[in-house]
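Descriptive structure summary
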Amino acid sequence: MIKYSYLYTIFLVLFISCVKDKQAKKEDNRSTKQKPPNVIVVVVDDAGYLDFGFMGSKDLDTPHIDQLAKDGVYFTDAHVSATVCAPSRAGLITGKYQQRFGFEANHTGDKHTGDIGLSDDATTLADVFKENNYNTVAIGKWHLGETKTDQPKQRGFKDFYGFLSGGRSYFPIKNPPATHALQHNGKRVIFDGYLTDVLGDYAVDYVQKNKDNPFFMYLAYNAVHTPMHAKEEDLIKYKDHPRKELAAMTWSLDQNIGKLHNKLKELDLLDNTLIYFISDNGGAHNNSSNNGELKGWKGNKFEGGHRVPFIVSWPAKIEKNQKFTGLTSSLDIFTTSIAAADIKVSEDLSLDGVNLLPYLMNEKSGNPHKKLYWRKLEEAAARHGDYKLIRLKNHGSVLYNLSKDIGEMNNLADSDTLTLNNLSKGLSTWESKLIDPLWKEDKDWMNITYHIHKKLMENKPVLYMSPNGVKNHLNK
Ligand code: CA
């Protein structure tokens, strides 16, 4: 009897400890599961569609960015909401078509209006993360407003290390204007060296300091926007390259993405960090970008203007080595990020993006968007499925079937009026929800972009000023 009760006690102790162990494991799993991810949005500037290894580049070296693509998903039909810097960033950071709050033209105001910037009632992704106990940081180029109320610290970022303007020298500037100075929360930073490295170092340092708290990092490199400044050692590395400045600038950008990747790995944060990599618009002609088979470039409504390299990586949740071909928008970054962090926002925000996670986790297939729209002043475009319409004010519209004609050379406007009318109608309906642009662009610049659109719509050569003089230019 004694022996029986002794054995029974041992069995009971073992059973309880086993249940406790299971419970602890369950709780452990749950805490891992519930730990909010860090979110990093890497924005690069004016980069070409074909200028990264993962997109098929054969002449630029981007091993670390390629690794990021291998860690997750790269996209072949991803688009930004504008073909120039400022409005594209306004769409990305608010998750809304920026024309809904009047941020339609480039820059943040004009000589008549003064600086206007991001509408005061627009909510940024940083606002949402900050409210939900994330540490938030903006690093690099801002270009969303220069007045106090539009600076990063007032738009949800607890920390800002960068510059307010749309571009600047990659090297130290003597007596820079306040908008061009590198600053840390309003205080000028005097730096030595090369800006891409300086921004990259700050990002690494920030991760180290914030490793114990979830953070949202908006890391906006001005590379590879003009001026075409590169480090001497990188220029030597590419001395025989036909695009040596761009190759050197891209190499430096890649090295800095590598530094960040290594730091996340070293701190065991990589697995639970959701990383995006995107260019703010298509490759520009003035930095010698290569948009591959796409027609057009930065500033126009052909695919070369808004179809961009895009990566999403989140090793803990998203399977690696994926290619995604569905129609996707930069507006999806907002929606996807809050879904990843399990944050609910008010429906009043009326976001235009889609949560991409079900698509990337193979729970859903197809196109996240059936339709996308673009407009900047006199130029507009619509995408419905495979079809793309481009409309130029007082000139007319062209229609392409991208599934057969990615280079947008075969205008179907006369032969397929039914589809043309459908897309025109869709565009008008979308436009009825917009407000008038709060500022415009310089008249001369508007004339140039109008001229470029007209010529490209007619498949005619475009005459434009390049940094090296005047060139004839068709498509590329
Ligand atoms: Ca840009």
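Residues numbered from 1 in each chain as written. Predicted model: local features only at pLDDT ≥ 70, side-chain atom pairs only at ≥ 80, totals over all residues. Heavy atoms only, no water.

Here the focus is the nonpolar core. Core analysis: the largest hydrophobic core is formed by 54 residues, its most contacted members being V41, F75, F216, Y218 and F310. Built from parts of two domains, this core gets at least three residues from each of domain 1 (37-369) and domain 2 (372-474). Residues F54, F163, M217 and L269 belong to the second largest nonpolar core, which totals 52 residues. (Core = buried A, V, L, I, M, F, W, Y, C linked by side-chain atoms within 4.5 Å. Buried < 20%, exposed > 50% of the residue type's maximum accessible area, 1.4 Å probe, protein only. Domains from an automatic or database assignment.)

Our focus in this paragraph is a positive patch on the surface. A surface patch of positive charge is lined by K111, K393, K440 and K443. Looking at where K111 falls in the secondary structure, it is placed in the loop between β4 (109-110) and β5 (114-115). (Patch = residues over 30% accessible without salt bridge, like charges linked within 9 Å, V, L, I, M, F, W, Y side chains within 5 Å. Areas by Shrake-Rupley, 256 points an atom, 1.4 Å probe, with all protein chains shown as cover. Salt bridge = Lys/Arg side-chain N within 4 Å of Asp/Glu carboxyl O. Lys, Arg positive; Asp, Glu negative; His and termini not counted. Charge placed at Lys NZ, Arg CZ, Asp CG, Glu CD. Helix = DSSP H or I, 4+ residues; strand = E, 2+ residues; numbered from the N terminus.)

Let us look at the domain arrangement of the protein chain. Each assigned domain of the protein chain is listed here: domain 1 (37-369) and domain 2 (372-474). Counting residues at the interface gives 40 residues for domain 1, matched by 39 residues for domain 2. Three residues stand out in domain 1 for area buried against domain 2, namely E104, K295 and K301, and they jointly supply 22% of the buried area on that side. For the pair domain 1 and domain 2, the interface holds 3 salt bridges. Linking R375 and E104 is a salt bridge whose minimum nitrogen-to-oxygen distance equals 2.9 Å. Joining domain 1 to domain 2, the criterion identifies 21 residue pairs in polar contact (both at pLDDT 80 or more). For the side of domain 1 that touches domain 2, the secondary-structure elements that each account for two or more residues are β4, α8 (303-306) and β14 (328-329). Taken together, the residues of the side of domain 1 that touches domain 2 break down into 12 nonpolar, 19 polar and 9 charged. (Contact = heavy atoms within 4.5 Å. Buried area = accessible area lost by both parts, 1.4 Å probe. Polar contact = N/O pair within 3.5 Å; in protein donor to acceptor, adjacent residues only side chain to side chain. Nonpolar A, V, L, I, M, F, W, Y, C, P; charged D, E, K, R; others polar.)

Moving on to the sheet that holds strand β15 (residues 371-376). Either a parallel or an antiparallel arrangement is found when strands of a sheet pair, and the pairing is made through backbone hydrogen bonds. Spatial ordering of the open sheet is given by β15-β16-β17-β18, a layout of 4 strands whose pairing is antiparallel. The sheet is open, and its two edges are formed by β15 and β18 (396-401), each paired on a single side. Sheet twist, expressed as the average angle between the axes of neighbouring strands with direction ignored, equals 10°. Sheet topology places strand β17 (residues 387-392) next to β18; 6 bridges connect them, and they run antiparallel. Residue pairing across strands places L389 opposite L399, the latter belonging to β18. Packed on one face of the sheet, helix α11 (residues 417-431) meets β15, β16 (379-384), β17 and β18 and runs near 65° to β17. Where helix α12 (residues 443-457) meets the sheet, it contacts β16, β17 and β18, and its direction lies at approximately 135° from that of β17. (Pairing = 2+ DSSP bridges. Axes fitted to C-alpha atoms, helices over the stretch in contact; angles between N-to-C directions.)

Applying the stated criterion to the full structure yields 22 aromatic pairs. Through a chain of ring-to-ring contacts, the aromatic side chains of F129, Y134, W142, F157, F160, F216 and Y218 assemble into a single cluster. The aromatic ring of W251 is capped on one face by K237, whose charged end is 4.2 Å from the ring centroid. (Phe/Tyr/Trp six-rings, centres within 6.5 Å; stacked < 30°, edge-to-face > 60°. Lys NZ or Arg CZ within 6 Å of the ring centre and 35° of its normal.)

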